[in-house]
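Observations on the model geometry
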Amino acid sequence: MTNLIRYKMLSTEQISEDRRIHVFDMQHQQKLSFNYESLKRTPKNNAYEELTDFLQKRKLKIDNGVYDNEEHAS
């Protein structure tokens, strides 16, 4: 079975003591935006497991704002 990349990081933005993440869900062809700290507090079984996996692998880039105002593909 082939693993397909489902999400693409679009950008991040710093908001009062949090970071807003913008990703594109290629499977459903839609943009998703959410607060990073809120997602981390959500029990894993309630969040998309693929999305939490994706974000965990990119945590360093998110924390350092690598995607701020850029639209880099991940």
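Refer to the structure presented above.
So, here's what we can say about the structure. Nothing here was measured: the structure is a model prediction, and the numbers come from that model. (Residues numbered from 1 in each chain as written. Predicted model: local features only at pLDDT ≥ 70, side-chain atom pairs only at ≥ 80, totals over all residues. Heavy atoms only, no water.)

**Looking at unusual backbone geometry**
- The backbone phi angle of Glu17 is positive, close to 55°, even though this residue is not glycine.
- Note on placement: Glu17 falls in the loop between strand E1 (7-15) and strand E2 (18-25).
- For Gln29, which is not glycine, the phi torsion reads 50° and is therefore positive.
- Position of Gln29 among the secondary structure elements: in the loop between E2 and strand E3 (30-35).
- In this structure Gln29 comes out as exposed when scored by relative accessible area, which is 56%. (Helix = DSSP H or I, 4+ residues; strand = E, 2+ residues; numbered from the N terminus. Buried < 20%, exposed > 50% of the residue type's maximum accessible area, 1.4 Å probe, protein only.)

**Section: the sheet that holds E2**
- Pairing in this open sheet of three strands is antiparallel, and the strands run E1-E2-E3 from one edge to the other. Edge positions in the sheet fall to E1 and E3, since each of these pairs with one other strand and no more. Adjacent strand axes in the sheet meet at a mean angle of 20° when their direction is disregarded.
- Here helix H2 (residues 49-57) sits on the sheet and contacts E1, E2 and E3; the angle it forms with E1, its principal contact strand, is near 65°. (Pairing = 2+ DSSP bridges. Axes fitted to C-alpha atoms, helices over the stretch in contact; angles between N-to-C directions. Contact = heavy atoms within 4.5 Å.)

**With respect to the pairing of E1**
- Where E1 and E2 come together, eight bridges link them in antiparallel fashion. Bridging across to E2, Met9 finds its partner in Val23.

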